[in-house]
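The residues making up each chain are set out below.
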Amino acid sequence: MNSGPFLVMVWEGLNVIKTGRVRLGETSQADLKPGTIRGDFYIQVGRNIIHGSNFVQSAKNKTSLWFKP
């Protein structure tokens, strides 16, 4: 987050974690697919272009760091 500007957002909806992670793309460079955020914008190993929570409780914890109820 120190290397440049960043954007924080919260997505809501049915199965949002599962479908959101599909949209983000695989975390392994070898598995990246075009049409995903990581697949289209990946630049360098070790620099995570985007992060998405993998569990509801994790998402709630991270959301509370940035947003008030």
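Heads up: the structure comes first, above all this text.
Residues numbered from 1 in each chain as written. Predicted model: local features only at pLDDT ≥ 70, side-chain atom pairs only at ≥ 80, totals over all residues. Heavy atoms only, no water.

Assigned secondary structure in the chain consists of 3 helices and 0 strands. Across the chain, helices and strands are ordered from the amino to the carboxyl terminus as α-α-α. Across its three principal axes, the chain shows a C-alpha extent of roughly 35 × 30 × 15 Å. Per-residue burial for the chain yields a buried fraction of 13% across its 69 residues. At a minimum sequence separation of 6, the contacts of the chain that also span at least 24 residues come to 35%. Total accessible area on the chain is roughly 6100 Å²; 58% of this is exposed by carbon and sulfur atoms. Charged side chains in the chain number 9 positive and 4 negative. The centres of these two groups are separated by 8 Å. (Helix = DSSP H or I, 4+ residues; strand = E, 2+ residues; numbered from the N terminus. Buried < 20%, exposed > 50% of the residue type's maximum accessible area, 1.4 Å probe, protein only. Contact = heavy atoms within 4.5 Å. Areas by Shrake-Rupley, 256 points an atom, 1.4 Å probe, with all protein chains shown as cover. Lys, Arg positive; Asp, Glu negative; His and termini not counted. Charge placed at Lys NZ, Arg CZ, Asp CG, Glu CD.)

Let's shift gears to the environment of Glu26. Mapping Glu26 onto the fold places it in the loop between α1 (16-24) and α2 (37-41). We classify Glu26 as partly exposed; its relative accessible area is 40%. In this structure the C-alpha to C-alpha distance between Glu26 and Arg38, which are 12 residues apart in sequence, comes to 7.2 Å. Ignoring sequence-local partners within four residues, the contact set of Glu26 consists of Asp31, Leu32, Lys33 and Arg38.

Let us now look at unusual backbone geometry. Even without glycine at this site, Asn15 takes up a positive phi of about 55°. If you trace the backbone, Asn15 turns up in the segment before α1.

Structurally, Phe6 can be placed in the segment before α1. C-alpha separation for the pair Phe6 and Thr63, spaced 57 residues apart in sequence, amounts to 15 Å.

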